[in-house]
Amino acid sequence: SRKRRSRAAGFTLVEVMIAGAIMGVLAALCTTNYLVYIERVRVARAIVEIKGIATHLDVTKIQGGNLPATLAAMSLSGNDPWGRPYEYLPIAGYPASLPSSRKDQFLVPLNSDFDLYSKGVDGLSQKRITHAESLDDVVRGSNGAFIGLARNY
């Protein structure tokens, strides 16, 4: 009777190991889903911020002003959700000696007024947005008709 009571009161080593393994698998699944969620939120934040910056630039253009040479010239400089500054290139009204604009898979420029984008999670980018380093970039294309991940353009 005494042996039965002491044995029934605790867990065996196998039971504890099984419970630990189940908790480990659940923690790994939750962590992965959480990291994916955080990346989606960062992309959404970059889209909203690019829309805001582009709106300021469009208002300046509509009011008859020239596009600034840099975002800092209009106090619009800031960092993207990954901690890097947004990339900006004025196109309309600037000399052709400036660096060329970004292009789609058919080598057609994304915009005719200005390029505005974030280099995304990896911080790498190429002029052609279909390049592997550019697929995670958050881009503005078709003069603002599209703002999102380059892979979806």
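For the structure, see preceding data.
Cut-offs applied
- Residues numbered from 1 in each chain as written.
- Predicted model: local features only at pLDDT ≥ 70, side-chain atom pairs only at ≥ 80, totals over all residues.
- Heavy atoms only, no water.
- Helix = DSSP H or I, 4+ residues; strand = E, 2+ residues; numbered from the N terminus.
- Rg over C-alpha atoms; globule rule 2.2 N^0.38 Å.
- Buried < 20%, exposed > 50% of the residue type's maximum accessible area, 1.4 Å probe, protein only.
- Contact = heavy atoms within 4.5 Å.
- Lys, Arg positive; Asp, Glu negative; His and termini not counted.
- Charge placed at Lys NZ, Arg CZ, Asp CG, Glu CD.
- Polar contact = N/O pair within 3.5 Å; in protein donor to acceptor, adjacent residues only side chain to side chain.
- Pairing = 2+ DSSP bridges.
- Axes fitted to C-alpha atoms, helices over the stretch in contact; angles between N-to-C directions.
- Core = buried A, V, L, I, M, F, W, Y, C linked by side-chain atoms within 4.5 Å.

K.L.:
Help me out: how do you make sense of the overall build of the protein in this one?
P.N.:
Check the secondary structure of the protein and you find 2 helices and 4 strands. Moving toward the C terminus, one meets the helices and strands of the protein in the order α-α-β-β-β-β. Relative to the globule expectation of 15 Å for 153 residues, the C-alpha radius of gyration of the protein, 25 Å, shows a markedly less compact shape. Overall size of the protein, expressed as C-alpha extent along the three principal axes, is 95 × 30 × 20 Å. Taking all 153 residues of the protein together, the buried fraction comes to 29%. Of the contacts made within the protein by residues no fewer than 6 positions apart, 50% connect residues no fewer than 24 positions apart. Averaging the coordinates of the 18 positive side-chain charges in the protein and doing the same for the 13 negative ones gives two points 16 Å apart.

K.L.:
Quick question: what am I supposed to make of the side chain of Asn 111 here?
P.N.:
Inspection of the secondary structure assignment puts Asn 111 in the loop between strand 1 (87–90) and strand 2 (114–118). Side chain to side chain, Asn 111 and Asp 115 meet in a polar contact 2.8 Å long. Once residues lying within four places of it in the same chain are set aside, the contact partners of Asn 111 are Ile 91, Ser 101, Arg 140, Gly 141, Ser 142, Asn 143 and Gly 144.

K.L.:
Looking at this structure, I do not really get the sheet that holds strand 2. What am I missing?
P.N.:
By definition, the strands of a sheet pair up through backbone hydrogen bonds, in either a parallel or an antiparallel sense. The strand order across the open sheet formed by 4 strands is 1-2-3-4, and the pairing between neighbours is antiparallel. Strands with a single pairing partner mark the edges of an open sheet, and in this sheet they are strand 1 and strand 4 (146–149). Ignoring which end each strand starts from, the neighbouring axes of this sheet average 15° apart. In the sheet, strand 1 pairs with strand 2 via 4 bridges, with the strands oriented antiparallel. Note that in strand 2 the partner of Glu 87 across the bridge is Tyr 117. Against the sheet, helix 2 (residues 13–62) contacts strand 1, strand 2, strand 3 (138–141) and strand 4, and its axis sits at roughly 155° relative to strand 2.

K.L.:
Can you help me understand the environment of Arg 128 in this one?
P.N.:
Turning to its location among the elements, Arg 128 is positioned in the loop between strand 2 and strand 3. For Arg 128, a relative accessible area of 37% gives the class partly exposed. Here the alpha-carbon distance between Arg 128 and Ala 150, two residues 22 residues apart in the chain, equals 9.8 Å. With residues near it in sequence (within four places) discarded, Arg 128 still touches Lys 103, Asp 104, Gln 105, Leu 107 and Ser 134.

K.L.:
Mind showing me how you'd approach unusual backbone geometry here?
P.N.:
In terms of backbone geometry, most residues other than glycine have negative phi values and most peptide bonds are trans. One non-glycine residue, Ser 75, lies in the positive phi region at around 55°. Even without glycine at this site, Leu 107 takes up a positive phi of about 65°. Mapped onto the fold, Leu 107 is located in the loop between strand 1 and strand 2.

K.L.:
It is not clear to me how the nonpolar core should be interpreted in this structure. Could you clarify?
P.N.:
Core analysis: the largest hydrophobic core is formed by 18 residues, its most contacted members being Leu 57, Leu 71, Leu 116 and Val 138. When contributions to this core are tallied by element, the ones reaching two or more residues are helix 2, strand 2 and strand 4. The element that contributes the greatest number of residues to this core is helix 2, accounting for 7 residues. Leave out the neighbours within four places in its chain, and Leu 57 touches Leu 67, Pro 68, Leu 71, Met 74, Leu 76, Tyr 88 and Phe 114. The next biggest cluster of nonpolar side chains, apart from the first, holds 5 residues, and it includes Leu 110, Ile 129, Val 139 and Ala 150.

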